[in-house]
Structure formats: C-alpha cells, structure tokens
Amino acid sequence: MTKANFIRVKNASDLARVLDLDAADARCIEVRALLLARIVSEVARLGLTHAAAAQRCGTSRTRMTGILNGNIRGSSTDLLLRIASRLGLHAKLPFARAA
C-alpha cells in the first residue's frame, strides 16, 4: 500500500493550480466556498438547528447537515444561493475584467 501525499493549499487559486484547473474553475470554487462560509455562519448566528435551518430553506435535514459540515459536492451553486437567500442573505457578485 502506498502512502498518500498531502498538499496544503491556502486559497481557491492554489487548489485549482494543484488540480490543473483553469482560472474559471478556480473562481467557481471560490464562490462556492464563500457561499458555504456565509451559510454556516448565518445558521450559527440565527441559532438554528440543522432541522430548523432545513425547514426554513426548503431542503432536507440530511442535505442541510451535509452543507453545514462542509460537504457541498452534491449541491449546486443555485441551491447554495437559494439557501443563502432563505436565510436572509443577499449575494452580490462584483464583475471586473480579468487581467
């Protein structure tokens, strides 16, 4: 059995580089990570249980538990935006030309 090599990355751009992804994929990772962080912090701020957060956001408790534990692999960006909105958050995406 071979040992796994672990690589630590500090941000989405570094992760994309390690995974050999392009800049657009790095931006997607970054947006999804930001959404996740805000959802987790808002649920904590509101003092909601996983079940209460799921009911408020119109999703299952199982899915909400996964999201709140950092597992967004099976959740679309659209779903994360809808959850953020139902928690009272407003997402604002700034646009700029790439360098």
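Residues numbered from 1 in each chain as written. Predicted model: local features only at pLDDT ≥ 70, side-chain atom pairs only at ≥ 80, totals over all residues. Heavy atoms only, no water.

Peer 1: Hey, could you go over the overall build of the protein for me, with residue numbers and the actual values?
Peer 2: Scanning the protein for helices and strands turns up five helices and zero strands. Reading the protein from its N end, one meets helices and strands in the order α-α-α-α-α. Oriented by its inertia axes, the alpha-carbon framework of the protein measures out at about 45 × 40 × 20 Å. Relative to its full complement of 99 residues, the protein shows a buried share of 26%. Once local pairs closer than 6 in sequence are excluded, the contacts in the protein between residues at least 24 apart make up 51%. If you sum the accessible surface of the protein, you get close to 7,700 Å²; carbon and sulfur atoms cover 54% of it. When the 16 basic and 7 acidic side-chain charges of the protein are each reduced to a single mean position, those positions are 9 Å apart. (Helix = DSSP H or I, 4+ residues; strand = E, 2+ residues; numbered from the N terminus. Buried < 20%, exposed > 50% of the residue type's maximum accessible area, 1.4 Å probe, protein only. Contact = heavy atoms within 4.5 Å. Areas by Shrake-Rupley, 256 points an atom, 1.4 Å probe, with all protein chains shown as cover. Lys, Arg positive; Asp, Glu negative; His and termini not counted. Charge placed at Lys NZ, Arg CZ, Asp CG, Glu CD.)

Note that every value here comes from positions in space, so none of it alone points to a role or purpose.
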